[in-house]
Amino acid sequence: MEPMVKLAACGIIAVILSVQLKNRSREMSFLISLAACTVILFTGLVMFSPLADFMNRLSKAAQIDHATLGVLKHVCAVMVLTNMVSSFCRDAGENSVGQAIEFCGSLAAAGCALPLLDAVLENISGLLGG
Amino acid sequence: MIVVMCMLPLITFAEGRLEEQAAMLQTQTLTDSLPANARDLVGDFSLSTGTEFGQEFISIVKKAVHGHSLGFDAAVKDGKKILWVVLFSAVGFAVSEGPTARVISVAAVGTLFIITSSGLNSLVSLGMAAAEDLRVFSQSLLPVMASAAAASGIPAASAAMYAVSTAFLSGLVTLMNALLIPLIRAHLVLGAADAALDIALFSSLKKFVEAFIKMTLKLSMFGFTAFLLLTGVVSGSADAISVKAAKLAISSVVPVVGSMISDASETVLVGAKVLLQSVGIFGMLGALSVLILPFLKIGLRYLMMKISVFLSMAFQTEKVSSFLADVEKTVAFVLAVICCCGLFVFVSCVCFLRVGTP
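Cut-off values and rules
- Residues numbered from 1 in each chain as written.
- Chains lettered and ligands numbered in written order.
- Predicted model: local features only at pLDDT ≥ 70, side-chain atom pairs only at ≥ 80, totals over all residues.
- Heavy atoms only, no water.
- Helix = DSSP H or I, 4+ residues; strand = E, 2+ residues; numbered from the N terminus.
- Buried < 20%, exposed > 50% of the residue type's maximum accessible area, 1.4 Å probe, protein only.
- Contact = heavy atoms within 4.5 Å.
- Areas by Shrake-Rupley, 256 points an atom, 1.4 Å probe, with all protein chains shown as cover.
- Buried area = accessible area lost by both parts, 1.4 Å probe.
- Salt bridge = Lys/Arg side-chain N within 4 Å of Asp/Glu carboxyl O.
- Polar contact = N/O pair within 3.5 Å; in protein donor to acceptor, adjacent residues only side chain to side chain.
- Nonpolar A, V, L, I, M, F, W, Y, C, P; charged D, E, K, R; others polar.
- pLDDT = per-residue confidence, 0-100.
- Axes fitted to C-alpha atoms, helices over the stretch in contact; angles between N-to-C directions.
- Parallel < 35°, antiparallel > 145°, perpendicular 65-115°, else oblique.
- Left-handed = near helix turned anticlockwise from the far one by under 90°.
- Core = buried A, V, L, I, M, F, W, Y, C linked by side-chain atoms within 4.5 Å.

### Quick look at the overall build of chain B
Inference 1: Helix and strand content of chain B: 10 helices and 0 strands.
Inference 2: Each helix and strand of chain B, placed in order from N terminus to C terminus, yields the pattern α-α-α-α-α-α-α-α-α-α.
Inference 3: Taking all 358 residues of chain B together, the buried fraction comes to 47%.
Inference 4: Put simply, 84% of the contacts in chain B that link residues at least 6 apart link residues at least 24 apart.
Inference 5: When the accessible surface of chain B is summed, it comes to about 16,300 Å², and 70% of that surface belongs to carbon and sulfur atoms.

Here it is, written out as structure tokens:
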């Protein structure tokens, strides 16, 4: 509860400062929002650790095959990063850069997912063929 | 005391007669036609002495639950894997939107497909093997039941019911191997394609396959039950009239001992009816012992999938939940097909018993 209150306060202060500075200096406004996002993201990662622990325990208990399920991890990580960076770019008014990042992110995710697609196709041929 | 003394030879005669009839009908082949697992579950059921259906039923279920591995650990392990994927994709969905969320849902559905398809394939094989075992068992059971029913005075009804039961059960097993199982497998693939790609064609195809499987099973079940009941009732009534007419003819045409001969023939018919009842009970227990393990294993998987669907719905992962619901339906279809085969044998036995022992 306490870290979330701190994060909420940090977010509100950053937004007020950013809005105040937007008309005087767009660069400063953008840097403030970038800094706030970085702080919030890292604190959020700390908050994510109990869930990560739980998922680690779950993966050990289920003897998860990381070759298959690791792909989902990579795809999620790539897509979350893509989404955040493209949002930053759009906030800074650089829509085309944001779009390019999204396109590259999608390609990178598709690249990560190729072993998964291979396995899916193999399973489909096994199911329908046998 | 005198009455009991007089009854003893009759009882001995009746028992000897029953064993003789059992040997003539080759009832020993019934136990041999059961697969080894099912034979262990049925235990030392004797056709000549018979036993109470309820007690044997409970004993078979207890033996199946306590003495065999039902794949509980594997089901829980798969459940944990599914929960892991649902949690991970829920975290991914929480921080992404639009096309990025779409990519995550494709990866999540692909991962779930890999986790569930191998388990489902083994369940399908288990169901197919159970249906085949049941068909082999029914090939031994139904002729014996028909012979016992014919010996108990219903030759026309037993022949008609034997023909209907055999034709429907063989038809269903053939239909299952040739059409239903490939369609059930295709349903899983279409479910994955629908959830991952969100194309209307896959959704329509999936719904069509679902409706087709449901309709085929319902039609075959209704058709079989209606056909068997009608055949049994109509031919059974004709047989009952023939038996009554024969008894009347014997007692009225043969002077003095006519009624005694008629009563003696009644004793033989009663002996055959007792045997029919024993074979009928054994048939139902045999079918139960063949199906109980696959039923429990597939049922356990079905419950696990049901829980997974509820959990995924709680995390609001729409596409993932939709795919898990399709997997649940696929497992339900496998369960429905083997239940349908089992019900065919059960209903046949009940109809033979109903017509044979009015």
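Still more to cover.
### Digging into the interface of chain B and chain A
Inference 1: Taken together, the contacts link 29 residues of chain B with 29 residues of chain A.
Inference 2: In total, chain B and chain A occlude about 3,000 Å² of area from one another, counting both sides; carbon and sulfur atoms represent 82% of this.
Inference 3: When residues of chain B are sorted by the area they lose upon contact with chain A, W84(B), F88(B) and I114(B) head the list and together hold 24% of the total.
Inference 4: Between the two partners, chain B and chain A, sit 0 salt bridges.
Inference 5: Remark: the boundary between chain B and chain A carries 2 residue pairs in polar contact (both at pLDDT 80 or more).
Inference 6: Within the residue set of the side of chain B that touches chain A, elements represented by two or more residues are α5 (72–94), α6 (99–151) and α7 (155–197) of chain B.
Inference 7: In terms of residue class, the side of chain B that touches chain A is made up of 17 nonpolar, 7 polar and 5 charged.

### Focus: the confidence of the model for chain A
Inference 1: In the predicted model, chain A carries a mean pLDDT of 83, and 99% of its residues have values of at least 70.
Inference 2: Predicted confidence in chain A is weakest over helix α2 (residues 26–61) of chain A, with a mean pLDDT of 82, and strongest over helix α4 (residues 95–129) of chain A, with 86.

### Notes on the packing of α2(A) against helix α3 (residues 66–91) of chain A
Residues and elements named next belong to chain A.
Inference 1: α3 packs onto α2 with a crossing angle of 165° between their chain directions and a minimal axis gap of 11 Å. With respect to their mutual orientation, α2 and α3 come out roughly antiparallel. In terms of crossing hand, the pair formed by α2 and α3 is right-handed. On α3, the residues that touch R26, F30, L34, C37, L41 and S59 of α2 are H66, M84, F88 and D91.
Inference 2: Here the contact of α2 with α3 is built from residues that sort into 6 nonpolar, 2 polar and 2 charged.

### Re the nonpolar core
Inference 1: One finds W84(B) and F323(B) to be the most contacted residues of the largest nonpolar core, which totals 114 residues.
Inference 2: In terms of residue count, the dominant contributor to this core is α6(B) (22 residues).

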